[in-house]
2 protein chains.
Amino acid sequence: MTTTAPKPTLLEALAEVLPAGQLITGEKTGTYLRDQSDSTAAGVPIAVALPVNTEQVAAVVAFAAAHRIPIVPQGARTGLAGGANAIEGSIVLSTTRLNKIVSVDAEDQTATVQAGVRTYALARAAAAVGLFYPPDPGSWKGSTVGGNVATNAGGMLCVKYGVTGNFVRQLTVVLADGSIVRTGQRTIKGVTGYDLTSLLVGSEGTLGIITEITVGLLPAPAPASGVSATFAGTEAALAAAALIVASNRRPSILEYLDGPSITAINAFDPESKLPAGAAALLLVQSDQAGQAHDDVEEYAAILRGEGATEVLVAHDPAHLDQLMTARRLLQPALQAARGSSLNEDITVPRSQLQALLTGLTEISRDLSIPIGTGGHLGDGNLHPMIGFDAGNPAEVEAAHEAFARVIRLAISLGGSASGEHGIGMLKQAHLDDELGPILRDLQRRVKKAFDPDSLLNPGKKL
Amino acid sequence: MTTTAPKPTLLEALAEVLPAGQLITGEKTGTYLRDQSDSTAAGVPIAVALPVNTEQVAAVVAFAAAHRIPIVPQGARTGLAGGANAIEGSIVLSTTRLNKIVSVDAEDQTATVQAGVRTYALARAAAAVGLFYPPDPGSWKGSTVGGNVATNAGGMLCVKYGVTGNFVRQLTVVLADGSIVRTGQRTIKGVTGYDLTSLLVGSEGTLGIITEITVGLLPAPAPASGVSATFAGTEAALAAAALIVASNRRPSILEYLDGPSITAINAFDPESKLPAGAAALLLVQSDQAGQAHDDVEEYAAILRGEGATEVLVAHDPAHLDQLMTARRLLQPALQAARGSSLNEDITVPRSQLQALLTGLTEISRDLSIPIGTGGHLGDGNLHPMIGFDAGNPAEVEAAHEAFARVIRLAISLGGSASGEHGIGMLKQAHLDDELGPILRDLQRRVKKAFDPDSLLNPGKKL
């Protein structure tokens with residue numbers, strides 16, 4: 001790690017903006033350099049700020065604006081696209097201490113949290129009053145609500161309930177000049193002014209620093225039932241999934257794992273005990289009040305009818321939890337299995353899923369590089385993970401070539417480079433393929449309207 | 001009507017942009033002056049263009065941009081806030097002939113329509129393949145999908161399914177310079193680039209001209225059951241509604257009518273036969289597969305438990321349809337009852353509904369002006385309608401004073417000036433109360449990023 005040498009006076013001045021103990025400088029900033037993507041670049045920041053409230057965030061941003069220092073907002077660094085990686089000479093604004101649950105309102109079914117509150121803590125706080133915060137990204141026990149909003153994170157339950165952005169009502173945001181605004185409405189509906197809330201959702205810290213979030217909650221769902229089913233081939237699995245999607249028994253989870261994913265998860269955590277040896281595994285859950293049991297029996301019949309080789313129905317919460325917990329290990333398990341990995345997050349229309357899986361097999365074979373795939377089949381959002389040995393330059397090159405080809409494949413099928421992880425630094429090269437020049441220009445003008453000097457997380461997202 | 005006198009050469013040049021028969025000039029433009037709000041201003045346009053495809057829209061916009069002529073996009077003119085009213089010297093761009101259903105994809109559960117397709121036509125096209133397009137604004141038999149997107153229209157079913165914007169995946173948009181872009185993704189999820197689709201939803205034609213829309217569809221719901229219940233006072237009605245919202249039996253409709261609304265609807269259409277003589281009426285529906293019957297019996301028990309005086313359960317589609325159809329007459333019935341009216345569209349957190357209703361009674365009494373209120377109780381989005389005699393200047397003044405006080409009341413309760421009708425021209429004076437100056441400035445910069453010369457529907461929304 002090369003250390004930059006900022007003028008001592010600048011750091012001294014910055015230290016005065018915050019109470020003592022809330023600024024990290026020097027070697028200790030090393031902890032805050034990068035997220036969980038292992039192939040993205042990171043620079044050395046001049047400092048890491050640890051504000052505890054919106055006003056402190058505003059003070060740091062105003063300081064940075066006055067001195068033209070880039071700001072990198074950072075949550076729990078569970079991201080997978082480098083969006084929160086430090087930039088050389090920047091101030092990293094960590095939301096670690098913005099960790100207060102401000103309020104949970106049972107009557108209005110809303111909660112307000114500071115940006116650094118863990119997703120799982122929000123979900124538990126909602127559950128404590130009989131309510132439900134559905135978005136459940138794989139990282140939800142560690143990730144922050146602010147990070148989820150900044151990437152518009154998804155999760156397993158999104159097939160029924162929608163992604164993070166569908167639950168965001170109001171955002172407290174520090175703008176590039178340090179001013180504080182609150183966008184959106186606490187109410188369920190509201191069309192006063194442009195929908196800047198939705199624009200900020202998924203903007204990866206490039207339009208403003210989100211410090212506080214009000215989300216809508218739902219009544220707690222009924223106890224869920226679930227079923228897993230293995231298949232000897234992907235065609236039959238996809239046919240069964242299509243029948244389940246077309247039924248009016250809406251699943252709350254509809255997930256897919258391929259053979260390598262199952263093997264990797266069982267190896268990563270032997271407690272997982274996923275049914276092994278199959279080409280494909282589907283996990284389907286219903287949490288419909290008064291219907292979950294029947295729904296899952298119906299799903300099981302569909303799965304058997306399409307040739308599933310092993311169908312396990314779980315009406316028992318412990319068994320169901322075991323199946324779903326294992327699925328959550330997909331990302332770390334495949335990463336561990338391969339040493340290093342490039343993590344895709346592509347989406348396609350559901351009708352193109354077979355073409356996608358066939359194309360993935362071809363890319364893997366052509367480049368002799370392993371690709372394990374799992375994810376949110378019901379949403380058409382899969383996570384092919386490309387494994388490689390970082391010490392082998394030929395493999396590194398092949399992995400990056402595979403990464404690009406997978407994205408081009410998804411786009412050619414009417415899909416997108418990213419469903420829920422964000423663009424960060426990892427997928428920037430592929431933006432033009434998807435957006436085209438006119439839309440890129442328009443996006444840049446929107447960025448400029450928010451951040452004319454390009455100080456907010458520069459080099460990310462766009 | 002005063003007629004402007006554009007240079008003949010300008011109109012001749014404009015006429016050459018479109019095929020013959022697609023440009024209206026002179027007196028005949030009178031049909032296209034205004035929407036259904038009867039207190040908003042309208043100017044005389046130089047012409048009304050009737051394009052049939054995106055390319056023709058682009059040609060008209062490019063022409064307008066070259067000659068600095070304002071463009072007013074206009075759907076079926078069913079709006080209630082003056083958003084589509086013609087501006088003096090503008091070109092009105094009517095979407096009337098952009099009326100093609102481009103595709104309905106049963107497997108991917110999407111539909112693509114031109115902006116001028118009627119909402120009801122889209123719903124029927126979806127139903128024809130066993131799918132469901134939920135947004136159902138009161139005007140849905142006449143309104144266009146493009147207009148619904150431009151205002152982010154709601155409706156009765158939105159309490160369960162969400163508003164128009166929740167279903168929009170992709171928009172084809174003509175920008176202010178006449179260039180054509182497609183925003184968003186056909187897929188369910190997608191975070192590539194900023195979410196310009198959500199920004200355009202509800203932007204009332206001020207950021208771009210929406211010409212084509214791809215929406216997501218759901219599997220058709222189960223046959224619905226419903227219940228109506230009358231109450232002698234609003235407190236009991238609100239208490240019952242709160243219990244229904246808190247249950248995990250999610251209603252697909254939860255509507256409210258006050259006494260004057262019931263009387264006006266029954267007078268407007270004697271077929272309506274709503275239970276008369278009560279202070280409040282609730283309409284509750286469930287369309288949950290396998291549960292609708294039980295849900296509604298449970299709702300009925302809750303309603304009786306809270307003191308409902310007359311509870312009518314409808315498991316029979318014809319009876320249910322009669323109840324819900326009558327509710328759809330709220331707006332025209334109150335407008336007819338009063339000669340003229342100012343239509344509110346306020347939202348409040350549900351916990352503030354009683355305070356809102358109490359405040360409405362006070363405003364009505366203070367100003368001696370009748371206010372009838374109904375709407376989407378489950379969303380906290382109500383439509384107080386202020387009746388007045390347009391020939392009586394004192395009443396006109398009192399009505400406008402009441403209009404302003406109702407909005408300030410909603411905002412003071414944590415609510416918003418508009419839930420689903422839009423700002424248009426009607427509510428512009430109240431934007432600063434709700435947004436504040438910093439957010440207003442930011443919104444203006446966003447507008448400028450899209451429309452630097454302010455040619456797209458100037459004087460609306462912002």
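Residues numbered from 1 in each chain as written. Chains lettered and ligands numbered in written order. Predicted model: local features only at pLDDT ≥ 70, side-chain atom pairs only at ≥ 80, totals over all residues. Heavy atoms only, no water.

Peer 1: Summarise the nonpolar core; cite the residues concerned and give the values.
Peer 2: Counting 117 residues, the largest nonpolar core has Ile213 and Phe450 of chain A together with Ile213 and Phe450 of chain B as its most contacted members. Counting 49 residues, the second largest nonpolar core, distinct from the first, contains Ile346, Phe388, Leu409 and Leu426 of chain B. (Core = buried A, V, L, I, M, F, W, Y, C linked by side-chain atoms within 4.5 Å. Buried < 20%, exposed > 50% of the residue type's maximum accessible area, 1.4 Å probe, protein only.)

Peer 1: Give a detailed account of the interface of chain A and chain B, specifying residues and quantitative values.
Peer 2: Taken together, the 79 residues of chain A in the interface contact 79 residues of chain B. Buried surface at the junction of chain A and chain B, summed over both partners, amounts to about 6,200 Å²; 60% is from carbon and sulfur atoms. It is Lys189, Val191 and Tyr194 of chain A in chain A that bury the most area against chain B; as a group they hold 16% of the surface buried on that side. At the boundary of chain A and chain B, one finds 4 salt bridges. The shortest N-O distance in the salt bridge between Lys189 of chain B and Glu420 of chain A comes to 2.8 Å. Summed over the shared surface of chain A and chain B, the result is 36 residue pairs in polar contact (both at pLDDT 80 or more). Counting only elements with at least two residues in the side of chain A that touches chain B, the list comes to β9 (180-184), α6 (196-200), β11 (218-219), α7 (234-246), α14 (431-435) and α15 (437-450) of chain A. In terms of residues, the side of chain A that touches chain B owes the most to one element, α15 of chain A, which gives 9 residues. (Contact = heavy atoms within 4.5 Å. Buried area = accessible area lost by both parts, 1.4 Å probe. Salt bridge = Lys/Arg side-chain N within 4 Å of Asp/Glu carboxyl O. Polar contact = N/O pair within 3.5 Å; in protein donor to acceptor, adjacent residues only side chain to side chain. Helix = DSSP H or I, 4+ residues; strand = E, 2+ residues; numbered from the N terminus.)

Peer 1: How would you sum up the relation of the copies chain A and chain B? Please name residues and give values.
Peer 2: Under the fitted operation, chain A is carried onto chain B by 0.0 Å of movement along the axis and a turn of 180°, and the coordinates agree to an RMSD of 0.0 Å. On the angle and the small slide along the axis, the relation comes out as a two-fold axis. With an isologous cut-off of 70% or more, the 100% of interface residues of chain A that recur at the interface of chain B puts this contact in the isologous class. (Least-squares fit on C-alpha atoms with pLDDT ≥ 70 in both.)

Peer 1: Kindly report on helix α13 (residues 393-412) of chain B, identifying the contributing residues and their values.
Peer 2: One full turn of an α-helix is made of 3.6 residues, so residues set three or four places apart face in the same direction. All names here are of chain B. Counted at 1.5 Å a residue, the expected span for α13 with its 20 residues is 28 Å, and the 29 Å between its end C-alpha atoms agrees. Inspection of α13 places Ala398, Ala399, Ala402, Phe403, Ala404, Val406, Ile407, Leu409, Ala410 and Ile411 among the buried residues, and these make up the whole buried set. Where α13 is buried, its residues contact β16 (340-343), α12 (353-367), β17 (371-372), β20 (385-388) and α14 (431-435). With a side-chain oxygen lying 3.0 Å from the backbone nitrogen of Ala394, the N-terminal cap of α13 falls on Asn392. Positioned one or two residues after α13, Gly414 has a phi angle of 85°, which is positive. (Expected span 1.5 Å × (residues − 1).)

Peer 1: Please give an account of the pattern of salt bridges that cites residues and values.
Peer 2: What the rule picks out here adds up to 30 salt bridges over all chains. Close ionic contact of Arg328 of chain B with Asp136 of chain B constitutes a salt bridge, the shortest N to O distance being 2.8 Å. Placement of the pair is Arg328 of chain B in the loop between α10 (317-327) and α11 (330-338) and Asp136 of chain B in the loop between β7 (131-132) and α4 (145-151), with a sequence separation of 192 residues. By relative accessible area, which is 1% here, Asp136 of chain B ends up buried. Via salt bridges that share partners, Asp105, Asp108 and Arg186 of chain A belong to a single interconnected network.

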